[in-house]
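Spelled out, the chains give:
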Amino acid sequence: MLKSTFKLPARVRSSISKAIFHSYATIVTFVTFTISTQPCTADQAGDTFFEQKIRPVLIEHCYRCHSGEAEKLKGNLHLDSKAGWQLGGDSGEPAIVPGNPDESPLLASVQHLDPGLEMPPDAPKLPDNVIADLITWVKMGAPDPRTDVKIDAKRADKSWWSLQPLAKDFHQDSIDGFISERLRQQGLERNPPADPRTLIRRISYDVTGLPPTIDEVNSFVMACETDQRVATENLVDRLLASPRYGERWGRHWLDVIRFGESNGFERNVIVDNLWPFRDYVIQSFNSDKPFNQFIIEHLAGDVIGKDDPTVEIGSAFLVAGPYDDVGNQDAVAQKNIRAATLDDMITATSGAFLGLTINCARCHNHKFDPIPTEDYYRIRSAFEGVRHGLRTIATKSDRQAFEEATKPLAMEKEKLASDREKLEKEIEDRAKVAFEKLTFQRPKIDVHGTSEEFLATRAQHVRFVIHSVTTDATKTRLGDVRSGRLSEFEVWNTDNVNVALANYGSKAEGARSATAADFPDAYGPQLCIDGKQGEQWFIGSPAELTITFPQPELVHRIHFSNSKGRDLDESKVRGATPCEYDILVSLDGQQWTKVASSEGREPWTPAHGIERVRRNVITEEEVRQLKRFDRDISLIRLKIERIPKLQQVWAGNFTQPTEPTNVQLGGDPMKPTDIVVPSSLSVLNQVTPTFQLPVDAPESQRRLELAKWIASDSNPLTARVLANRIWQYHFGNGIVDTPSDFGFLGSQPTHPELLDFLSRKLIGYGWRLKPLHRDILLSQTYLQSSSFRDSAANKDKDSRLLWRFPPKRLSAEELRDTILMVSGKLQLEPAGGPGFRLYRFTQNNVCTYFPLDFHGPETYRRSVYHQNARASVVDILSEFDLPDNAFAAPKRSNTTTPMQALTMLNHSFILDMARALIERCGKELTLDDKITSSYGLVYQRSPTEVELTLARDYIATNGFENYCRVLLNTNELIYID
Amino acid sequence: MRPLDAGLPYLSVEYARRGFLQQMTTGLAGVALARMLSDDKALASATALHYPAKAKQVLQIFCPGAASHVDLWDHKPMLEKFHDTPMPGADSEVTFQGKNGNLMKSPWPFIAAGQSGKMISSMLPNMARHVDDMAFIHSMTSRTNTHGPGCIAMNSCFTREGFPSAGSWVSYALGSMNENLPTYVAIQDVRGEPPNGKANWSNGFLSAKYQAVTMAAQQPLRNLDTPSVISDEKERATRDLLAKLNSQHASLHPGNDELGARMAAYELAAKMQLAAPKVSDLSQEPKHIHDLYCTNDSNNLKASYAKNCLLARRLLEQGVRFVSLYCASRASSVDGLLNWDAHKTLKADYERHCPIFDEPTAALLTDLKQRGLLNDVLVVWCTEFGRMPTHQEGTSGRDHNPDAFTTWMMGAGVKGGVSHGSTDDFGRRSVQDVTTVYDFYATVLKLLGIDHEKLTYYHNGAKRRLTDVHGHAIDRILVS
């Protein structure tokens, strides 16, 4: 009876996360605050009811898991205080809604209304009268005198700072104003301005990722003597206008959006067609494309930029992450893989643009932020139709031109092919007739072992020439031997010894159709003479196996086999076996004699027999005609190939989803629950105008609407997150130092008002970054020195409040690019195009990436153009924290290890660059001049007298090359003030 | 110059980030100092741990390709009895590669081994000698039926790339016992990388400091050697000059701990250049040891793996914290050729793989034991999932089975001769005491003195753990 009375509406029940009662262990440092618990108004009757009927029940049945005394608190739900149930557990919803038993998850659970949520767990349902008391109590408004308890808040609600609208009125009007105010409050003050040399180095690296030249430094220092302000403005403007800016800041963005050029997972196949997106990012930064536009292009570039490649390419963002393409046949696994693929897009989108960890709401409501699990599936519904893959991206006119150029050729090719087909049919018909008349004296070959005997012949070489293998004629063209395999090939002499054995001293040669770079012996012909079944030679082209004995032998029989036991027909699973062949022998390796063949054997299939007869019935003229056809067709094919292809980009493909998107219980694709429609996220519904589409809305519209909602001026997260990233890359730390997490577990802003000030500015600049860069770069905060002061450090060791400019270590790319540049080897062109590789790529089903021991001149490009495959490790870049980008890396680690030292001292690249550096400074006449020149190139300064002396002494015994190697290893090169 | 002291603050900073030690604010400097001075082999039992540590080091032996539990460790008499009959209630079940045929018994008999009488495949006669020291976990399950994700899950508890491997977590938690060698070494097989390659020993989002260094008998530590054109004397002078320039620079830049850390890193690199070739010089070992491991076996693959086994022992002896030793590699164009993935010809495949694995691995265990290293070293054997009790349709091999597989542990803190959990009559599913990789690593961490729920690292919105949000240590297989 109770059940029917109090059955909750489905929507409400399913929104009660199982997480309320489940245990989660990752609890962290709490921010403590007190839930406001007003002293209870004297409701004597209510309190009495509670004390008599409710408290004993709670103590007996609930406290064991849901109170301060619990050995292990379950689901973060306290039921030993009013504040506890008001706050709720991991689900983020109150456990009890006073006055409303239907909406109270706790009551649904004690009534066993939802499978999996029955409470108390592993115990009989509470007696009906107890449940009735609980219902009565909730109807009474859940009076609860236990109001003196403080609860540690363990999550944010919609009042969380980052979810509020951007502030409008500010009591400071400049970056320096905000920073100075905060410093003053802490009794700190800003450092004096940095000297001009330090400044130009700092700004050059910051804006372009490259050091200035010594000439640039000198002229800047001079200009500063006239007017430092003007000189700095000119410098900043020059650098922001440089194409190097996009290479530096585009690379930052690629970190944020988990850009990588292989698909990861087991196969980890390299992706060769994603570089146009990398170039698009760089160009977008260089042209200062409004970032709100840039965001929309990332999510829906194909929608708004049809036929405009420069826009359409943006949506490659969606498929720039890892995905599993192993081809699983298991239906459940397929669903899980698809869910994981979409999860990558959802995670990337919410982290990069919104600074939200919406992915944490995949299995249950977000445990720390006010993000219901529905929000996760709302984004999913927008991406439901996205598939990884290549897409042609071209302008309309290019498409038309391509069509016009290829169509006549294609038609001509088709005509030739059909004529050829006709001729083939004539020949085959004749062969069929001839085949019908044939009889065979010998049985068909046996894949488990076939012998051919012949007159004893003296030979040192035996050759097995394979014309055809036992492939299925309906699937493969006969005569294509690439599916052929062979386990063993024996040659018996008249003493009855198999002389075709490696341990007899014989050798086997033959092409193979597969290789494994890291396992050179795999699939080779030597496997045919190892005396063992099992491992096979993969027959390549030409399909010939040549066995050479250590000395001439009198041979009379060969035997070949391709399988082991006969329990099952293993021929099916071990590839095809040779079935049409000749056996040739030779004494000298020059003159060959045919001693046996498959002639006279019953063919493997009628098709094989027809193929054999065909070789006899075909006329010479027909052979010539066929050859002519083949030549003409391949000529046309060549012509078609010469027509420049339309650009194929790894930009994904879009199909209209056929099914609605469901919330998945516990993130399990096999447990779909409520349907969600494509719509805005509820987490911001009090701040940002919402949208909602029908459940079957067009796929493109779903992404576009989501994109517009994210990129809206009224979405406070998007602007804040972006402004914070800009700040972070300038100063090393963001105002919020968890740049892709503005939620409860993230950090709080050091300067909240400044963050809003910058966000407003950004929007005011039409979402263009360069003016904001300029504001920051020209602030006194940025231009101050990095000098260390004990007194200040005692208060703020990490200079988060910016009493000094925080020194930085060069990033992996900056380090490598700097070494190339100071050695005079950096090639700035081509700026873009297919990437270079510091690994050797091999594929044998799965892929392996071997780091290169030698970096050739073709790799002397900026590191942003390195084709960064996932789970590949390359020298220098990987060691210095180039992210793998299995996940977004919104903030890089900063590692110092002995392995870095080994690479920087011993890899041939460093030696090559040391040599190149000598070439650059070796032109000077005196040793002192050479040393001075090297200082100018590497550090853009002159050596001190002490440094000169050190250098002279060292070079005298150890040479200039080693000296240059030292310079490239110094801390001064890698740390920037 | 005092590079060791200079490195100290940087290590302390690293320590402060370690969530699991946050409460232990006192004594950290002391621990860091001890570590920096590399003299504290007993660090793992330091007071900062959550439990008394039974083990200080880990040897992980990994047979990639899904080594078949029903053909190696998990004896199933019913499989013999019902050989070549349909599996009850599972007609033409579709798994990873497609349909399944009838039940298929193991091609080799199982025999009782040791005092415990543990039934083990006759293909592993040498491993059979160790069963009384081993704790089998027969009820393992995996969340995936795909090799790559399976392998990284067996290493990181996540099927997706980007999470730190157990070796990285342990390095992060416990640090080095010998700064002259890497803390975490992955020894890959001569046949190549395991499925999903380097992601198996990735540091994920932990600092690059915690990633495995790869080395093997066939593959020296990368960039270890000073270029041959530079003499020892010149190299010394080079280091001197570098140290001088760097300390001069550091004196002008007070307040930047990283400068000292990088100088210390160069010092350590120099020590590593001395220590690493020594540890990988197998010629130091006497003939009877080489014979024990079979490093000169006529089967090149066996000899090569044997050398890696010997290298593993030498690394552990020198205080490497976590060693991952791989026996076999990735998928190739032929299933089961390069690893244990016997889809089609199980008998032929395992007659290749078992002899490579059996004798050298058994020798390694014998050697660890006779040297007393098992007092400190926890040995764990892993594979990514199991195989079907049925044969794959049209073949004599087995398809993937994520619902049941076997792993085992032995050594420091582990009970010998016990078996935990079990599968159903045929080995199709784990049914009793079903165990996950989370439980597996909760157990490993517990043996190392770490509460798996307290070893955490903040990343992109979550306090991450090795064991995600799951796992219970399997206390039953631990020495109390």
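Residues numbered from 1 in each chain as written. Chains lettered and ligands numbered in written order. Predicted model: local features only at pLDDT ≥ 70, side-chain atom pairs only at ≥ 80, totals over all residues.

What to know about the overall build of chain B
Turning to step 1, where the next piece is worked out: Within chain B one finds twelve helices and 19 strands.
Turning to step 2, where the next piece is worked out: Contacts in chain B between residues far apart in sequence, at least 24 positions, make up 75% of those at least 6 positions apart. (Helix = DSSP H or I, 4+ residues; strand = E, 2+ residues; numbered from the N terminus. Contact = placed C-beta atoms within 7 Å.)

A look at the overall build of chain A
Turning to step 1, where the next piece is worked out: Along its length, chain A carries 30 helices and 18 strands.
Turning to step 2, where the next piece is worked out: Structurally, chain A occupies a C-alpha span of about 115 × 100 × 60 Å along its principal axes.
Turning to step 3, where the next piece is worked out: Sorting the 977 residues of chain A into buried and exposed places 46% on the buried side.
Turning to step 4, where the next piece is worked out: The contacts of chain A with a sequence gap of at least 6 include a subset with a gap of at least 24, amounting to 72%. (Buried ≥ 20, exposed ≤ 12 C-beta atoms within 10 Å, placed from the backbone.)

Notes on the interface of chain A and chain B
Turning to step 1, where the next piece is worked out: The partner chain B presents 79 residues to the 81 residues of chain A that form the contact.
Turning to step 2, where the next piece is worked out: Counting residues per element, the ones that place at least two in the side of chain A that touches chain B are α14 (331–354), β17 (846–851), α26 (898–906), α29 (945–969) and α30 (971–974) of chain A.
Turning to step 3, where the next piece is worked out: Take the side of chain A that touches chain B: its biggest share by element is eight residues, from α29 of chain A.
Turning to step 4, where the next piece is worked out: Of the residues assigned to the side of chain A that touches chain B, the class counts are 34 nonpolar, 29 polar and 18 charged. (Nonpolar A, V, L, I, M, F, W, Y, C, P; charged D, E, K, R; others polar.)

What to know about the sheet that holds strand β2 (residues 94–95) of chain B
Residue and element names in this part refer to chain B.
Turning to step 1, where the next piece is worked out: Read across the open sheet, the three strands follow the order β2-β3-β12; overall the sheet is antiparallel. Edge positions in the open sheet fall to β2 and β12 (390–392), since each of these has one partner strand only.
Turning to step 2, where the next piece is worked out: Examined bridge by bridge, β2 and strand β3 (residues 98–103) share two bridges and lie antiparallel to one another. Bridging from a neighbouring strand, Thr95 pairs with Gly98 of β3. (Pairing = 2+ DSSP bridges.)

Focus: helix α28 (residues 927–939) of chain A
Residues and elements named next belong to chain A.
Turning to step 1, where the next piece is worked out: Here α28 is 13 residues long and its end C-alpha atoms lie 18 Å apart, about the 18 Å a rise of 1.5 Å per residue gives.
Turning to step 2, where the next piece is worked out: Taken together, the buried positions of α28 are Lys930, Ile931, Ser934, Tyr935, Gly936, Leu937, Val938 and Tyr939.
Turning to step 3, where the next piece is worked out: The secondary structure elements touched by the buried residues of α28 are α9 (214–241), α25 (812–822), α27 (908–921), α29 and α30.
Turning to step 4, where the next piece is worked out: Looking at the residues trailing α28, positive phi occurs at Gln940, about 55 degrees. (Expected span 1.5 Å × (residues − 1).)

Observations concerning helix α6 (residues 128–139) of chain A
Since one α-helical turn is 3.6 residues long, residues separated by three or four positions face the same way.
Residues and elements named next belong to chain A.
Turning to step 1, where the next piece is worked out: Between its first and last C-alpha atoms α6 spans 16 Å; for twelve residues at 1.5 Å apiece the expected length is 16 Å, and the two agree.
Turning to step 2, where the next piece is worked out: Here α6 has its buried residues at Leu134, Trp137 and Val138. For α6, the angular spread of the buried residues around the axis is 95 degrees, confining them to a single face. For α6, the exposed residues set more than 90 degrees away from the buried face come down to Asp128, Asn129 and Lys139.
Turning to step 3, where the next piece is worked out: Elements that come into contact with the buried residues of α6 comprise α3 (44–61) and α5 (105–110).
Turning to step 4, where the next piece is worked out: Just beyond α6, the residue with positive phi is Gly141, at close to 100 degrees. (Arc of directions from axis to C-beta.)

Considerations on the packing of helix α10 (residues 300–317) of chain B against helix α11 (residues 346–370) of chain B
Residue and element names in this part refer to chain B.
Turning to step 1, where the next piece is worked out: Contact geometry for α10 and α11: axes closest at 9 Å, N-to-C directions at 20 degrees. Classified by the angle their axes make, α10 and α11 are roughly parallel. Of the two elements, α10 crosses α11, and the hand of that crossing is right-handed. Across the interface between the two elements, Leu301, Lys302, Tyr305, Ala306, Cys309, Ala312 and Arg313 from α10 touch Pro355, Ile356, Pro360, Thr361, Ala363, Leu364, Asp367 and Leu368 from α11.
Turning to step 2, where the next piece is worked out: Within the contact of α10 with α11, the residues separate by chemical class into eleven nonpolar, one polar and three charged. (Axes fitted to C-alpha atoms, helices over the stretch in contact; angles between N-to-C directions. Parallel < 35°, antiparallel > 145°, perpendicular 65-115°, else oblique. Left-handed = near helix turned anticlockwise from the far one by under 90°.)

Quick notes on the confidence of the model for chain A
Reading predicted coordinates in detail is not appropriate for stretches of low pLDDT.
All names here are of chain A.
Turning to step 1, where the next piece is worked out: Averaged over chain A, the pLDDT score is 89; the fraction of residues at 70 or greater is 93%.
Turning to step 2, where the next piece is worked out: Note on residues 1–42: pLDDT under 50 across the span, and 95 contacts to partners over four residues away in sequence or across chains.
Turning to step 3, where the next piece is worked out: Overall, residues 565–573 carries pLDDT values under 50, and its contacts beyond four positions in sequence, including any with other chains, amount to 18 contacts. (pLDDT = per-residue confidence, 0-100.)

Regarding the sheet that holds strand β14 (residues 405–411) of chain B
Residue and element names in this part refer to chain B.
Turning to step 1, where the next piece is worked out: Read from one edge to the other, the open sheet built from eight strands follows the order β8-β7-β9-β1-β10-β14-β6-β15, with strand pairing classed as mixed. Only two strands of the sheet have a single neighbouring strand rather than two, namely β8 (213–214) and β15 (418–420).
Turning to step 2, where the next piece is worked out: Direction of pairing for strand β6 (residues 134–140) relative to β14: antiparallel, over a ladder of five bridges. What sits directly across from Ala135, in β14, is Met409.
Turning to step 3, where the next piece is worked out: Across the sheet, helix α6 (residues 166–174) touches β1 (57–62), β7 (184–187) and β9 (322–326), and the angle it forms with β9 is around 165 degrees.

Side note on the environment of Asp132 of chain B
Residue and element names in this part refer to chain B.
Turning to step 1, where the next piece is worked out: Within the secondary structure, Asp132 is located in the loop between β5 (118–121) and β6.
Turning to step 2, where the next piece is worked out: Residue Asp132 is classed as partly exposed on the basis of its 16 C-beta neighbours within 10 Å.
Turning to step 3, where the next piece is worked out: A C-alpha to C-alpha distance of 5.8 Å links Asp132 and Gly114, two positions 18 residues apart in sequence.
Turning to step 4, where the next piece is worked out: Beyond its immediate stretch of four places on either side in the chain, Asp132 contacts Gly114, Gln115, Ser116, Gly416 and Gly417.

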